[in-house]
Amino acid sequence: MGLKTQVLPAGEAATAAAARVLADGRLVGFPTETVYGLGADATNPAAVARLYQAKGRPSFNPLITHVVDLAAARKIARFDAPAARLAEAFWPGPLTLVLPKADGCAVADLATAGLDKIAIRIPAHPVARAMLSAFGGPVVAPSANLSGHVSPTIAAHVQGDLAGRIDLIIDGGAVDVGVESTIVGCFAAPTLLRPGGLPREAIERVLGCALAGLPEAAAGDTTAPLAPGMLVSHYAPRSKVRLGIERVEAGEALLAFGPRTAAGAEAAVAVMNLSVRGDLAEAAANLFGYLRSLDAKGALGIAVMPVPDHGLGEAINDRLRRAAIGRG
């Protein structure tokens, strides 16, 4: 798109520059605790359209609106009692709530894909919070990568995908969580729409009940997702991804997990271990960076060892399944 993309280290100058860029209807890549986000003024339809264009993102895929505090969230969404309990317990943090729009919601319809609901999060990262405070309004921010590609966990990932397409990148170092936020739909029954950086068990403890599952018809709808990150093919590297492997095939790279390794690992094009200790938090933080690194090796495919499906493992496996579908 021919822009000159400026990269600034996190700090007061970067925060001020980001507020100016957003106010001008332009785009900023910035760190959150989950992954790097690509921010635009949520109330500016032209800015939101520019964001979709920069990512190559389908316009039917709704965006998460980021705000600085609960008062700002209540200006654009309506909270029932369960939603209020979740917000009080987990915000700021890696939880997104899908809520009914408030009357007079200023967020552009394009950002919500024409839905009568809105996805909202209050990030915990100090750089993100400083930017939101300086800008003074809601900011839509999907992951700062080309649509469908592996999400960015360091500023260099953002630069690799979006240099020349966006105006500014704030370099705040590596993120802490490493997978996107958990998304809960605050419907008649609170519903897990996307597993993520906050384990479902923690949410269920606060609610005092189990989260509902997504209806099968909605889960399989690739044309009108209820929330961000629900497209069947998503988070996909260029190399074919093969899951739950016991043996590495010729020409493959290996994404390992835990202290044991897969048969044939010695002949793999490259090997990276999400967590030698079998720690799911460490694995989540490493997931997207390691997928990007292995994808750059030019292997015929990426063979992925099994990851436990509890706690953060649920989010890790969700991203891996979508990556595998993406390059089938």
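Scroll up to find the structure.
Note that the structure is predicted; figures quoted are calculated from it, not measured.

Asks: How do you make sense of the nonpolar core when you look at a structure like this?
Replies: The nonpolar side chains of soluble globular proteins are, as a tendency, buried together. In terms of nonpolar packing, the biggest core is built from 47 residues, with F79, W91, L95, L97, I120 and I203 touching the most fellow members. Going through the elements one at a time, β3 (36-41), α2 (45-55), α4 (81-90), β5 (95-100), β6 (117-121), α6 (155-162), β9 (182-186) and α7 (200-207) are the ones with two or more residues in this core. In terms of residues, this core owes the most to one element, α2, which gives 5 residues. Setting aside anything within four residues of it in sequence, one finds I203 in contact with L86, F90, L95, T182, V184, L198 and L211. If you look at the next biggest cluster of nonpolar residues, it comprises 27 residues, including L274, A284, A299 and V304.

Asks: Can you help me understand the sheet that holds strand β1 (residues 6-9) in this one?
Replies: Read across the open sheet, the 10 strands follow the order β1-β8-β2-β3-β7-β4-β6-β5-β9-β10; overall the sheet is mixed. Strands with a single pairing partner mark the edges of an open sheet, and in this sheet they are β1 and β10 (190-194). Sitting on the sheet, helix α1 (residues 12-23) touches β1, β2 (28-31), β3, β7 (139-140) and β8 (168-171), and the angle it makes with β8 is about 150°. Across the sheet, helix α5 (residues 126-135) is in contact with β2, β3, β4 (64-66), β7 and β8; its angle to β2 comes to roughly 135°.

Asks: Would you mind going over the state of the cysteines with me for this structure?
Replies: Every disulfide links exactly two cysteines, by a covalent bond between their sulfur atoms. Summed over all chains, the structure comprises 0 disulfides. Between C105, a cysteine without a disulfide, and C186, which holds the nearest cysteine sulfur, the sulfur-to-sulfur distance is 15 Å. Taking the relative accessible area as the measure of exposure, C105 reaches 17% and is therefore buried. Free cysteine: C209, not disulfide-bonded; nearest cysteine sulfur from C186 at 11 Å. Looking at C209, the relative accessible area reads 36%, which means it is partly exposed.

Asks: Explanation requested: the sheet that holds strand β11 (residues 240-242) in the structure shown.
Replies: Adjacent strands of a sheet form backbone hydrogen bonds with each other and so pair up, either parallel or antiparallel. The strand order across the open sheet formed by 4 strands is β11-β14-β12-β13, and the pairing between neighbours is parallel. The sheet terminates laterally at β11 and β13 (271-273), the two strands that pair on one side only. Neighbour-to-neighbour, the strand axes of the sheet open up by a mean angle of 20°, direction not taken into account. In this structure, strand β12 (residues 252-256) lies alongside β13, joined through 3 bridges in parallel fashion. From the neighbouring strand, L255 faces β13, where its bridge partner is M272. On top of the sheet, helix α9 (residues 280-295) reaches β12, β13 and β14 (301-304); it is set at about 165° to β12, its chief contact.

Asks: Would you explain the packing of aromatic side chains in this entry?
Replies: Within a pair of aromatic rings, the relevant descriptors are the distance that separates the centres and the angle that separates the planes. Counted by the stated rule, this structure contains 1 aromatic pair. When the centroid spacing of 6.0 Å and the interplanar angle of 85° are considered together, the rings of F79 and W91 count as edge-to-face. Linking F79 in the loop between α3 (70-74) and α4 with W91 in the loop between α4 and β5, this pair joins segments that are 12 residues apart in sequence. For the residue pair F79 and W91, the accessibility class agrees, reading buried in each case. The ring of F79 has R74 lying over it, and the distance from NZ or CZ to the ring centre is 4.9 Å.

Asks: Honestly, the pairing of β10 in this entry has me stumped. Any pointers?
Replies: Two faces, one strand: in a regular strand the side chains alternate between the faces of the sheet. Buried residues dominate β10, accounting for 5 of its 5 residues. When β9 meets β10, the two strands line up antiparallel, connected through 4 bridges. If you follow I183 over to β10, its bridge partner there is R194. The turn joining β9 and β10, which pair antiparallel and follow one another in sequence, is formed by 3 residues.

Asks: What is the right way to read the pattern of salt bridges from this model?
Replies: Close approach of charged atoms allows side chains with opposite charge to pair. Within this structure, the stated rule accounts for 14 salt bridges. A salt bridge links D116 to K117; the shortest N-O distance between them is 3.5 Å. When its relative accessible area of 55% is taken as the criterion, D116 is described as exposed. Residue D295 pairs with R238 through a salt bridge whose shortest N-O separation is 3.9 Å. Taken together, the residues D295 in helix α9 and R238 in the loop between α8 (216-219) and β11 connect sequence positions 57 residues apart. When its relative accessible area of 58% is taken as the criterion, R238 is described as exposed. Among the charged side chains, a salt-bridge network with shared partners connects E180, D318, R319 and R322.

The rules we used
- Numbering of residues begins from 1 in every chain and follows the order in which that chain's sequence is written.
- The predicted origin of the model limits local features to residues at a pLDDT of at least 70 and limits the giving and counting of side-chain atom pairs to 80 or more, whereas totals for whole chains, interfaces and linings rest on all residues.
- The basis for every side-chain value is the complete set of heavy atoms in the structure, and neither hydrogens nor water enter the calculation.
- Each nonpolar core is a collection of buried residues, namely Ala, Val, Leu, Ile, Met, Phe, Trp, Tyr and Cys, held together in the definition by side-chain atoms within 4.5 Å.
- Note on exposure labels: buried denotes an accessible area under 20% of the residue type's maximum, exposed denotes more than 50%, and partly exposed covers the range between, all computed with a 1.4 Å probe on protein chains only.
- Per the convention used, a helix needs a DSSP run of H or I reaching at least four residues, while a strand needs a run of E reaching at least two, with both numbered from the N terminus.
- Contacts are assigned to residue pairs with any non-hydrogen atoms lying within 4.5 Å of each other.
- The criterion for strand pairing is that DSSP finds at least two bridges linking the strands in question.
- Between N-to-C directions, angles cover 0 to 180 degrees, with each direction set by a line fitted to C-alpha atoms, over the stretch in contact for helices.
- Counting rule for disulfides: a pair of cysteine sulfur atoms within 2.5 Å.
- Between the rings of Phe, Tyr and Trp (Trp by its six-membered ring), a pair exists once the centres lie within 6.5 Å; its type follows the angle of the planes, with under 30 degrees stacked, over 60 edge-to-face, and the other angles tilted.
- In this scheme, Lys NZ or Arg CZ marks a charge over a ring once it lies within 6 Å of the ring centre and within 35 degrees of the ring normal.
- Salt-bridge detection follows one rule: a side-chain nitrogen of Lys or Arg within 4 Å of a carboxyl oxygen of Asp or Glu.

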